[in-house]
Amino acid sequence: MDARNGHAAYLSLITSSPLPIEREETLTMLETAAALNASDVPLWRRVRRWIKSKYGTRPEATDALKRLFGSGCRGLPILFTLFDWLPRHEAEVVARKLLAEGVVKDHDVVNRCLSLLGDEAHAEVTRLIHDPNTDQRILCSCLRRVGCDAKKEARTLLERPNLHPEVMCRCLGILGGEAKEIARRIIVDTSVDPNVLRLCIKILGGECENIAAGLLRQWRELGSHLVVACVKVAGGTPAANEMAQEILGSWDQWSDPNLRTAALRVPFDTPLRVDRARKVLDAWTTHERHLVCAALTAFWNK
């Protein structure tokens, strides 16, 4: 067991083969392995299957899992099964230990720990937000938990270079209208993520009409959600009208309901717009709600 040459293969042998080894002896060997190979997912998935097959009752199997955890096992299959099987108060003990160790970086495990501990985990959430090495998905989870209470942290994070777009969106969402100055700085960056750009447009509103109109001139290269956001602030511009007429004129080519929604929302009254809107309303039960609402706007001035 001290060799660095394939613990997984060795343990596969003792857990999968009909060797004359007692259950307790096998578990003892697995406890030793936990200290040598704590997090190998395929290995501990195999061990979990062995535990489920060898221990007749849930309490017995749970005790075996607890022994492995106590011996240092941090394999995800073992951890998730422990969380599912342990009573709440015992699962909370496991969560505290994992967070205190800081060894397991898996997003789902950390999120499960934070959920179990609730408000008790506030200090740990704050620490994770300030730690520059925190995984981006974990960071998003932490920001979601603290919400508007993390405005100071959100501003600080938005100053970081190479911040993940999902984290940027979360921070901008927390700040809302207070992020206008930051949004003005971000929106001029042509390489910014479309979701971040969409949120900046939402924050700035009509203030960024010219930028939104410029984007609509290249609407084919944009994601459909970004096109909708641009139309909301620049729908009355010639660029929006050109885009709308192109989509309305080749309706069947553009099956994306978001693009159809954007085209119908552009407030230039034409027979073609009314015709497309009527077709949507004639089969309104088969369309998304936002597309039906956009179709109704074509008749507001009728």
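Everything numeric here is computed off the predicted structure, so don't read it as measured data. (Residues numbered from 1 in each chain as written. Predicted model: local features only at pLDDT ≥ 70, side-chain atom pairs only at ≥ 80, totals over all residues. Heavy atoms only, no water.)

What follows concerns the overall build of the chain. On a plain count of helices and strands, the chain comes out with 19 helices and zero strands. Whereas a compact globule of 302 residues would reach a radius of gyration of roughly 19 Å, the chain reaches 28 Å, over 25% beyond that. Seen along its three principal axes, the alpha-carbon backbone of the chain occupies a region of about 85 × 45 × 35 Å. Intrachain contacts of the chain at a sequence separation of at least 6 include 57% that bridge at least 24 residues. A total accessible area of about 16100 Å² is found for the chain, and carbon and sulfur atoms account for 50% of it. Charged side chains of the chain number 42 positive and 38 negative; the gap between the two group centres comes to 3 Å. (Helix = DSSP H or I, 4+ residues; strand = E, 2+ residues; numbered from the N terminus. Rg over C-alpha atoms; globule rule 2.2 N^0.38 Å. Contact = heavy atoms within 4.5 Å. Areas by Shrake-Rupley, 256 points an atom, 1.4 Å probe, with all protein chains shown as cover. Lys, Arg positive; Asp, Glu negative; His and termini not counted. Charge placed at Lys NZ, Arg CZ, Asp CG, Glu CD.)

Turning our eyes to something else, we now look at the packing of helix 4 (residues 58-70) against helix 5 (residues 76-85). In contact at an axis separation of 10 Å, helix 4 and helix 5 are set at 135° when each is read in the N-to-C sense. By the angle class used here, helix 4 and helix 5 are oblique. The element helix 4 and its partner helix 5 pack so that their crossing is left-handed. The segment helix 4 lies against helix 5, with Arg 58, Ala 61, Thr 62, Leu 65, Lys 66, Leu 68 and Phe 69 engaging Ile 78, Leu 79, Thr 81, Leu 82 and Trp 85. (Axes fitted to C-alpha atoms, helices over the stretch in contact; angles between N-to-C directions. Parallel < 35°, antiparallel > 145°, perpendicular 65-115°, else oblique. Left-handed = near helix turned anticlockwise from the far one by under 90°.)

Quick look at the packing of aromatic side chains now. According to the stated counting rule, one finds two aromatic pairs in the structure shown. Geometrically, the ring pair formed by Trp 50 and Tyr 55 is edge-to-face, given 6.0 Å between the ring centres and 80° between the ring planes. By the burial criterion, Trp 50 is buried, and Tyr 55 matches it. Geometrically, the ring pair formed by Trp 219 and Trp 254 is edge-to-face, given 5.0 Å between the ring centres and 65° between the ring planes. Of the two residues, Trp 219 sits in the loop between helix 14 (209-216) and helix 15 (224-234) while Trp 254 sits in the loop between helix 16 (238-249) and helix 17 (257-265), which places them 35 residues apart along the sequence. (Phe/Tyr/Trp six-rings, centres within 6.5 Å; stacked < 30°, edge-to-face > 60°. Buried < 20%, exposed > 50% of the residue type's maximum accessible area, 1.4 Å probe, protein only.)

Here we take up the pattern of salt bridges. Applying the stated rule across the entire model yields 21 salt bridges. Residue Arg 74 pairs with Glu 101 through a salt bridge whose shortest N-O separation is 2.7 Å. Taken together, the positions of Arg 74 in the loop between helix 4 and helix 5 and Glu 101 in helix 6 (residues 88-101) put the pair 27 residues apart, joining distant regions of the chain. Residue Arg 74 is classed as buried on the basis of its relative accessible area, which comes to 8%. Among the charged side chains, a salt-bridge network with shared partners connects Arg 88, Glu 92, Arg 96 and Glu 120. (Salt bridge = Lys/Arg side-chain N within 4 Å of Asp/Glu carboxyl O.)

Another point: the confidence of the model for the chain. With 93% of its residues at a pLDDT of at least 70, the chain reaches an overall mean of 89. Scored below 50 in pLDDT, residues 1-5 makes seven contacts in the model with residues more than four places away or belonging to other chains. (pLDDT = per-residue confidence, 0-100.)

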